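Summary of structural features
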Number of protein chains: 2
Amino acid sequence: MADLVYRKVFNDLKDKIVKNEFPNKRLPDERSLSEEYQVSRSSVKRALKVLADEGIIFKKRGSGTFINPLYMKNKTIFHYEGSNLGITDSLKSQGKTPKIKLLSFKVVPANKEIQQDLFLSEGDFVYEIQRLRLFDDQPFMIETGYIPIKIAPELTREIVEKSIFNYVEDTINKSVTRSFLSILASPSNEQDQELLNLKPTEPVGVMEGIFFLDDGTPFEVSNMRLHYRYLRYNTFVMLNDH
Amino acid sequence: MADLVYRKVFNDLKDKIVKNEFPNKRLPDERSLSEEYQVSRSSVKRALKVLADEGIIFKKRGSGTFINPLYMKNKTIFHYEGSNLGITDSLKSQGKTPKIKLLSFKVVPANKEIQQDLFLSEGDFVYEIQRLRLFDDQPFMIETGYIPIKIAPELTREIVEKSIFNYVEDTINKSVTRSFLSILASPSNEQDQELLNLKPTEPVGVMEGIFFLDDGTPFEVSNMRLHYRYLRYNTFVMLNDH
DNA sequence: AAGTGGTCTAGACCACCGC
DNA sequence: CGGTGGTCTAGACCACTTG
């Protein structure tokens, strides 16, 4: 992954942007970058495309490529980038230690809502997994997930305390590649306040989502409640036209 | 726009998918499509990339390209608007009447932050427009926007009480087609509580964004504070791999 | 006119899948 | 092994912006 040409250009440019090595907020033109990195202009374009999709840069035809000023501002430790969600990655990359505390792990019958979300039938069972995620010993997210037992019949506490997605990729040989997410704000409840160290006036950011395997099978429905300072979802939006 | 090669391939394929012209849920391989449409394989790939980004198809290396079996069903269950945001539209569609109450309308010098966000220079002026948006006489959003006067030199209270974007499209003949948005949760402040009828424990959802004209010029930087029950951002997310 | 991003082509080689 | 998608190159021409 990391030794792909466009990936290297992407990583290097992102690095330089973060280190503020383009103080005029402008990147060199594509042809210069192509020369500098000794790669084709197509590969440069591909790298820039990904940067643009993540909202880090934007391009002005005829003018050049510029750094999105919102990207650097008010960066929370934890941020999601549109079309690329990397929970553990984005944490690790900053040299921090993400941890998981397992709050509960059960097998329960799927209720109506979960049946619909995961395309299950009456009588199907799911794992109910509640985890607290920490980041440098600071709790930031309560995550409640439901996974059909028939998709991953051998989940254990040990697996669940680490990465479920990695387990699935290594063992079932399928991968979780996409999801539908809903993002909203909510007042904190007592559990939130206790586990995330919140005052009653402080809210949580909520991300609800369904994760899919690469063959389209719904794999998990998840409800994530985040300390409000740790949620910042950055996205690039195309308005009505294309 | 629609006469781009990859766009035509995209539209044609999407059309065929919707009409169920691939009953085996599988698309022809890229080289055949390239031949069929008499375009390069790169253009086929580009069209397929867009289809995949929209969650309509997925590609399996070594196997082929398949139609996401959930694509049709999902439309009723989720309404994902990622990559297509229409605030007033989505309100109108529910048969409700959106209204705008103008809270303040001034011309002020752009501060450093706004200068950076909108690529302005020292001494440039911007409109500062604060509006309360209502929905069936129920206030749901406080919106503070900054627009360079040099882009829209003739803004008036009358325009600002309606749609700024429509004015821009009709008059300047440019359109607002893209934005970068950051979405987060925040405790409500006193103004929020008063204008949005919130209790102190109830939060707001915040959307900060820069809106761009179709030529890439930053047009407006906007801060939107929404009653938490009215913010729900739905999006389709591709995870780490492609 | 020069510079910059956008689109498109043609072709090469690689990596993975299934028979 | 053949078929498929993934990556990459080199170069052409177009469309828009800026001085």
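From a predicted model like this one, the values you see are computed outputs, not experimental measurements.

Points about the protein's contact with DNA strand C
Taken together, 25 residues surround DNA strand C, and among them A:K45, B:V5, B:S40, B:S43 and B:R46 come closest. When the atoms of DNA strand C within 4 Å of the protein are grouped by moiety, sugar and phosphate amount to 68% of the total. Contact distances for DNA strand C include 3.0 Å between a phosphate oxygen and a side-chain N or O atom of A:T65. One of the backbone nitrogen or oxygen atoms of B:Y6 is found 3.4 Å away from a phosphate oxygen of DNA strand C.

Quick word on the pairing of strand β6 (residues 138-148) of chain B
Residues and elements named next belong to chain B. Within β6, 10 of the 11 residues are buried, which leaves it mostly tucked inside the rest of the structure. Across 10 bridges, the pairing between strand β5 (residues 125-135) and β6 is antiparallel. In the strand pairing of β6, Y127 is matched with I147. Linking two consecutive strands that pair antiparallel, namely β5 and β6, is a turn of 2 residues; a positive phi of about 60° is found at D136 within it. Bridge count between β6 and strand β9 (residues 218-227): 6 bridges; the pairing is antiparallel. When the bridges of β9 are listed, E143 appears paired with M224.

Looking at the UniProt feature "domain: HTH gntR-type" (unreviewed entry) in chain A
Taking the UniProt record as the reference, the feature "domain: HTH gntR-type" (unreviewed entry) is found at residues 3-70 of chain A. Helix makes up 54% of residues 3-70 of chain A and strand makes up 15%, while its end C-alpha atoms are separated by 29 Å.

Observations concerning the nonpolar core
Core analysis: the biggest nonpolar cluster contains 56 residues, and A:I129, A:L155, A:F219, B:I129, B:L155 and B:F219 have the highest contact counts within it. Not counting chain neighbours up to four residues away, the residues in contact with A:F219 comprise A:L118, A:Y146, A:I147, A:P148, A:I151, A:I164, A:F165, A:V168, A:V176, A:F211, A:F212 and A:L213. Counting 20 residues, the second-largest nonpolar core is a separate cluster that includes B:L27, B:A47, B:L51 and B:I67.

Definitions and cut-offs
Residues numbered from 1 in each chain as written. Chains lettered and ligands numbered in written order. Predicted model: local features only at pLDDT ≥ 70, side-chain atom pairs only at ≥ 80, totals over all residues. Heavy atoms only, no water. Near = heavy atom within 4 Å. Polar contact = N/O pair within 3.5 Å; in protein donor to acceptor, adjacent residues only side chain to side chain. Buried < 20%, exposed > 50% of the residue type's maximum accessible area, 1.4 Å probe, protein only. Helix = DSSP H or I, 4+ residues; strand = E, 2+ residues; numbered from the N terminus. Pairing = 2+ DSSP bridges. UniProt positions renumbered as here; feature names shortened; annotations may be inferred. Core = buried A, V, L, I, M, F, W, Y, C linked by side-chain atoms within 4.5 Å. Contact = heavy atoms within 4.5 Å.

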